[in-house]
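Now for the letters of each chain:
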Amino acid sequence: MSASEYNRIRRILFCTIHDPAKGFNCAFEYLDGYKRTLGVHGYTGLKAELNFYQKHGREFGLTVAGDMGEHADFAGSYGSQLARFDVTTNINFKQFQDYEPYMGSGPRYKIALLDQGNFEVIDVLDLAFPRCSCGGYLIPSVILLGQNYNRHGESTWTNDQLLVDVCTGCHEYFERNRFTHHGLLSPQEYFDGFDSQEEYDLAIQATEQHLVDAYKYFRREHSDYLMAVGQHDYIVTEPDGGGYWAINLSFVNQAVAQDMPDEIECSHEI
Ligand SMILES: [Zn+2]
Ligand SMILES: [Zn+2]
């Protein structure tokens, strides 16, 4: 399943719920129809979202967050405070309890943890992250790398993605995992697919959407409290083309944005 496909299905499901002629039952049926396309993580994640919305929508005053602007699954309120909610079934609860609660700025950010078997809410938690040895928070982020080439210099039509923790204190990054996908382009490659003269605005908009799609997809597939998506770029600083390689965090969830570096210098090969 591709990242954009995942978000397309999510939109269809919530449109179905909001259609008075259809509603939840119909949406759950559609969801089952997409089971194979979605794969186990995507399916379980969306089923949890639907259940949370159905059973707790009124209690938390939930509205479905759109793709842009809102970075959580739902907006609503918790107690008397505005809140954002992310829904998950598979954080490691034991491990999560050892993390340090993180209070960003803006609305509170809550994690609704649902049981994978019966989709009941187990708990509604505050955002929390492990600590770096420097005292900062380690924030999961995914870097969309450029196309892979074989030793003959031919494209293999795959891209790697690097799952890293970015520290809010020392701004170092720590590699956690590496994935390979077909057709998941880096933001720059995606942007370059448009005519930068004729379609500049469209290219910018579509690339932002590409980042959000990748964000939501990776959050479901590979890391449940992913907070940022980045790219690996050569930054030119000299007239002769001199510069340096850096990880650029192009998309950062508002919940942690104030503490994240814009870019992190790194080597050419990552
Ligand atoms: Zn650190
Ligand atoms: Zn994957």
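Residues numbered from 1 in each chain as written. Chains lettered and ligands numbered in written order. Predicted model: local features only at pLDDT ≥ 70, side-chain atom pairs only at ≥ 80, totals over all residues. Heavy atoms only, no water.

Enquirer: Which residues make up the overall build of the chain, and what are the values?
Expert: On a plain count of helices and strands, the chain comes out with 6 helices and 13 strands. Relative to a compact globule of 270 residues, whose C-alpha radius of gyration would be 18 Å, the chain shows 19 Å and is just as compact. Dimensions of the chain, computed from the C-alpha atoms along their principal axes, are close to 60 × 40 × 35 Å. Per-residue burial for the chain yields a buried fraction of 49% across its 270 residues. One way to put it: in the chain the 20 positive side-chain charges average out to a point 12 Å from where the 39 negative ones average out. (Helix = DSSP H or I, 4+ residues; strand = E, 2+ residues; numbered from the N terminus. Rg over C-alpha atoms; globule rule 2.2 N^0.38 Å. Buried < 20%, exposed > 50% of the residue type's maximum accessible area, 1.4 Å probe, protein only. Lys, Arg positive; Asp, Glu negative; His and termini not counted. Charge placed at Lys NZ, Arg CZ, Asp CG, Glu CD.)

Enquirer: Describe the coordination of the zinc ion (ligand 2), with residues and values.
Expert: Those donors, His181 (NE2) and His222 (NE2), are the protein atoms that reach the zinc ion (ligand 2), and they lie 2.3 Å from it. Here the residue His181 occupies a position in strand β10 (residues 173-182), and His222 occupies one in the loop between α6 (200-221) and β11 (228-236), the gap between them amounting to 41 residues. (Donors = N, O, S within 2.8 Å, 3.2 Å for Na, K, Ca; no water.)

Enquirer: How would you explain the sheet that holds strand β13 (residues 263-265) if you had to name every residue and give the values?
Expert: In spatial order, the strands read β10-β9-β8-β11-β12-β13; together these 6 strands make up an open sheet with mixed pairing. On the outer flanks of this sheet lie β10 and β13, each paired with one strand and no other. Direction aside, the axes of adjacent strands within the sheet are offset by 30° on average. Here 3 bridges tie strand β12 (residues 243-252) to β13, and the two strands are oriented antiparallel to one another. If you follow Ala246 over to β13, its bridge partner there is Glu265. Of the strands in this sheet, β8 (138-149), β9 (155-167), β10, β11 and β12 are in contact with α6, which crosses β8 at around 115°. (Pairing = 2+ DSSP bridges. Axes fitted to C-alpha atoms, helices over the stretch in contact; angles between N-to-C directions. Contact = heavy atoms within 4.5 Å.)

Enquirer: An account of the coordination of the zinc ion (ligand 1) is needed here, citing residue identities and associated values.
Expert: Within the protein, Cys132 (SG), Cys134 (SG), Cys167 (SG) and Cys170 (SG) serve as the donor atoms for the zinc ion (ligand 1), at 2.2 to 2.3 Å. Considering all 4 donor atoms around the zinc ion (ligand 1), angles at the metal cover 97 to 120° and the coordination shape is tetrahedral. Summarised as a motif, the one-chain spacing of the donors to the zinc ion (ligand 1) is C-x1-C-x32-C-x2-C. A residue pair is termed long-range when its members are at least 10 positions apart, and Cys132 in the loop between β7 (128-129) and β8 and Cys167 in strand β9 qualify at 35 residues. Exposure class is identical for Cys132 and Cys167. Each is buried. (Tetrahedral: all angles 85-135°; square planar, octahedral: opposite > 155°, others 65-115°.)

Enquirer: Talk me through the state of the cysteines; I want residue IDs and the actual numbers.
Expert: Evaluation of the coordinates by the stated rule reveals 0 disulfides. In this structure Cys26 is a free cysteine whose sulfur lies 12 Å from that of Cys15, the closest cysteine sulfur available. Taking the relative accessible area as the measure of exposure, Cys26 reaches 17% and is therefore buried. (Disulfide = S-S within 2.5 Å.)

Enquirer: Can you explain the pairing of β11? Please cite residues and give values.
Expert: With respect to burial, β11 is a largely interior element, 7 of its 9 residues being buried. Relative to β11, β8 runs parallel, the two sharing 4 bridges. By the bridge assignment for β11, Ile143 is matched with Gly230. Here β11 folds back onto β12 in antiparallel fashion, the turn holding 6 residues, of which Gly241 has a positive phi close to 95°.

Enquirer: Help me get a handle on helix α3 (residues 35-56), residues and values and all.
Expert: An ideal rise of 1.5 Å per residue puts 32 Å on 22 residues; α3 reaches only 24 Å between its terminal C-alpha atoms. At His41, α3 shows its largest bend, some 80°. (Expected span 1.5 Å × (residues − 1). Bend = angle between axes of the 7 residues up to and from the residue.)

Enquirer: Kindly report on the nonpolar core, identifying the contributing residues and their values.
Expert: With 72 residues, the main nonpolar core has Phe52, Phe129 and Val256 as its most contacted residues. Here this core spans two domains, since at least three of its residues come from each of domain 1 (3-129) and domain 2 (138-265). Sequence-distant contacts of Val256, defined by excluding residues within four places in its chain, comprise Tyr102, Phe129, Ile139 and Met227. (Core = buried A, V, L, I, M, F, W, Y, C linked by side-chain atoms within 4.5 Å. Domains from an automatic or database assignment.)

Enquirer: Can you explain the packing of helix α1 (residues 3-18) against α6? Please cite residues and give values.
Expert: Two elements in contact, α1 and α6, have axes whose closest approach is 8 Å; the angle formed by their N-to-C orientations is 85°. Classified by the angle their axes make, α1 and α6 are roughly perpendicular. Touching Ala3, Ser4, Tyr6, Asn7, Arg10 and Arg11 of α1 are Gln209, Asp213, Ala214, Lys216, Tyr217 and Arg220, all from α6. Here the residues of the contact of α1 with α6 sort into 4 nonpolar, 3 polar and 5 charged. (Parallel < 35°, antiparallel > 145°, perpendicular 65-115°, else oblique. Nonpolar A, V, L, I, M, F, W, Y, C, P; charged D, E, K, R; others polar.)

Enquirer: Tell me about the packing of aromatic side chains, and name the residues and values.
Expert: Per the stated rule, a full pass over the model turns up 22 aromatic pairs. Geometrically, the ring pair formed by Phe60 and Tyr78 is stacked, given 5.9 Å between the ring centres and 15° between the ring planes. Residue Phe60 is found in the loop between α3 and β1 (63-64), and its partner Tyr78 is found in strand β2 (residues 74-78); the two are separated by 18 residues along the sequence. Using a relative accessible area of 8% as the deciding quantity, one classes Phe60 as buried. When its relative accessible area of 26% is taken as the criterion, Tyr78 is described as partly exposed. Where Phe191 meets Tyr200, the ring centres are 6.2 Å apart and the plane angle is 85°; that geometry is what we call edge-to-face. Take Tyr200: its relative accessible area is 44%, and that puts it in the partly exposed class. Chaining the aromatic ring pairs together yields one cluster made of Phe14, Phe24, Phe28, Phe52, Tyr53, Phe60, Phe74, Tyr78 and Phe85. (Phe/Tyr/Trp six-rings, centres within 6.5 Å; stacked < 30°, edge-to-face > 60°.)

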